[in-house]
Amino acid sequence: MIAATIHRRWAREYLARAQHATSRDRKRRYLRLAVTNTVCARKLEKRAPESGDPASDGPAEEIGRPH
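I will try to describe carefully the structure that is included in this document. Nothing here was measured: the structure is a model prediction, and the numbers come from that model.

**Describing the nonpolar core**
- W10, Y14, A18, A21, Y30, L33 and A34 together form the largest nonpolar core, which totals seven residues.
- Taken together, the elements giving at least two residues each to this core come down to α1 (2–20) and α2 (24–51).
- Core analysis: the second largest hydrophobic core is formed by five residues, A3, A4, A41 and L44 among them.

Laid out in structure tokens, this is it:
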């Protein structure tokens, strides 16, 4: 569940960045990253009990991590 928590934290951060973004393109990019991280967190939460590997990485971790 740690990985899912991290993805949710990133999603919240991207939502905050989107809210303060000045350009439409940047706002859209941040919103897309927030959605991607939310979906990845949900997948990890769903998969964690059956696989026993809560720290598995999803695709959003590579492209969706805040800098």
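**Notes on the pattern of salt bridges**
- All chains considered together, the criterion is met by three salt bridges.
- With its nearest N and O atoms 3.0 Å apart, the salt bridge here joins E45 to R8. Within this pair, whereas E45 is found in helix α2, its partner R8 is found in helix α1, the two being separated by 37 residues in sequence.
- Residues D25 and R28 are paired through a salt bridge, measuring 3.2 Å at the closest nitrogen-oxygen approach. Here R28 and D25 lie together in helix α2, a separation of three residues that amounts to about one turn.

What counts and how
Think of each chain on its own: its residues are numbered from 1, step by step along the sequence as written. pLDDT decides what is reported in this predicted model: residues at 70 or higher carry local features, side-chain atom pairs at 80 or more are listed and counted, and totals for whole chains, interfaces and linings draw on all residues regardless. Each side-chain value is worked out from all heavy atoms of the structure, with water and hydrogens disregarded. We call a set of buried residues a nonpolar core when its members are Ala, Val, Leu, Ile, Met, Phe, Trp, Tyr or Cys and they connect through side-chain atoms within 4.5 Å of each other. Relative accessible area decides the class of each residue, using a 1.4 Å probe on protein chains only: under 20% of the type maximum gives buried, over 50% gives exposed, and in between gives partly exposed. Secondary structure elements are taken from DSSP: a helix is a run of H or I of four residues or more, a strand is a run of E of two residues or more, and numbering for both begins at the N terminus. We define a salt bridge as a side-chain nitrogen of Lys or Arg found within 4 Å of a carboxyl oxygen belonging to Asp or Glu.

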